[in-house]
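# An overview of the molecular structure
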Amino acid sequence: MKYKSVFDIIGPIMIGPSSSHTAGAAKIGRVARNLYGKEPKNIVISLYGSFAKTYRGHGTDVALVGGLLDFDTFDERIPESLNISKDKGMTVEFIEEDAITEHPNTVKISIQDDENQPFELVGISIGGGKIEIVELNGFELKLSGNYPAILVVHNDRYGSIAGVTNVLMKYAVNIGHMEVSRKEVGQIALMAIEVDQDLDEKILKEIESLPHIIRVTKMVD
């Protein structure tokens, strides 16, 4: 197995005690915050497997909320994130689920603010501070959170995928990982694309101007 850096072996710089239960949880919460696009107000966090059994003792609860507050894994405010969120008027409910999931460190974050459409993200902490986002608003996907990425919501039509990849090719953007998910043929679909470099705003606007594209969201590392 090859490692990109020493941090792949010893884990990330973080507020402890566990890279899986704390650092990974903080990263999942921060990805959710980033994709939601602003500070959420009404949050339901459903915990599964090991997360459900040990989340208080391992600091998973404060890490998830810290991430939702846009705190990085090493932010010293993480231990106080529950109090900080309360002071900001955020409501957070934790639910310990009994359902068996494919990975023991699984969490579902649901945000239900009045002015926005419901938002739901499922993530897993796979160890060493690494994560995978495996579901977003009912669409299956696989994002690591370690690379710049874009999520492209589009109508499931011929040529939609080619249009997006042609724009990326035009600007010499290399695709590291790409998945397309749809709930029904011919309806709404989701492209999840991880790339090797940050994407300029003009690239995102050009993709968004393509036929059948509904929305483009940039996921910031």
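Analysis parameters
- Residues numbered from 1 in each chain as written.
- Predicted model: local features only at pLDDT ≥ 70, side-chain atom pairs only at ≥ 80, totals over all residues.
- Heavy atoms only, no water.
- UniProt positions renumbered as here; feature names shortened; annotations may be inferred.
- Helix = DSSP H or I, 4+ residues; strand = E, 2+ residues; numbered from the N terminus.
- Contact = heavy atoms within 4.5 Å.
- Polar contact = N/O pair within 3.5 Å; in protein donor to acceptor, adjacent residues only side chain to side chain.
- Core = buried A, V, L, I, M, F, W, Y, C linked by side-chain atoms within 4.5 Å.
- Buried < 20%, exposed > 50% of the residue type's maximum accessible area, 1.4 Å probe, protein only.
- Domains from an automatic or database assignment.

For the protein chain, an unreviewed UniProt entry supplies the name L-serine deaminase and the organism Gottfriedia solisilvae. Recorded in UniProt under Pathway (unreviewed entry), the annotation for the protein chain is "Carbohydrate biosynthesis; gluconeogenesis."

Let us now look at the environment of Ser160. Structurally, Ser160 is set in helix α6 (residues 160-170). C-alpha separation for the pair Ser160 and Met191, spaced 31 residues apart in sequence, amounts to 9.7 Å. Beyond its immediate stretch of four places on either side in the chain, Ser160 contacts His154, Asn155, Met191 and His212. There is a polar contact of 3.0 Å between the side chain of Ser160 and the backbone oxygen of Arg157.

Next up on the list: the nonpolar core. Ile109 and Leu121 are the most contacted members of the largest nonpolar core, which has 39 residues in total. Sorting elements by how many residues they give to this core places helix α2 (residues 19-36) first, with seven residues. There are two domains that each give this core at least three residues, and those are domain 1 (6-143) and domain 2 (149-219). Sequence-distant contacts of Leu121, defined by excluding residues within four places in its chain, comprise Ile28, Val31, Ala32, Leu35, Val107, Lys108, Ile109, Ile133, Glu135 and Leu136. Judged by nonpolar contacts, the second largest core, of 15 residues, contains Ile150, Val173, Ile193 and Val195.

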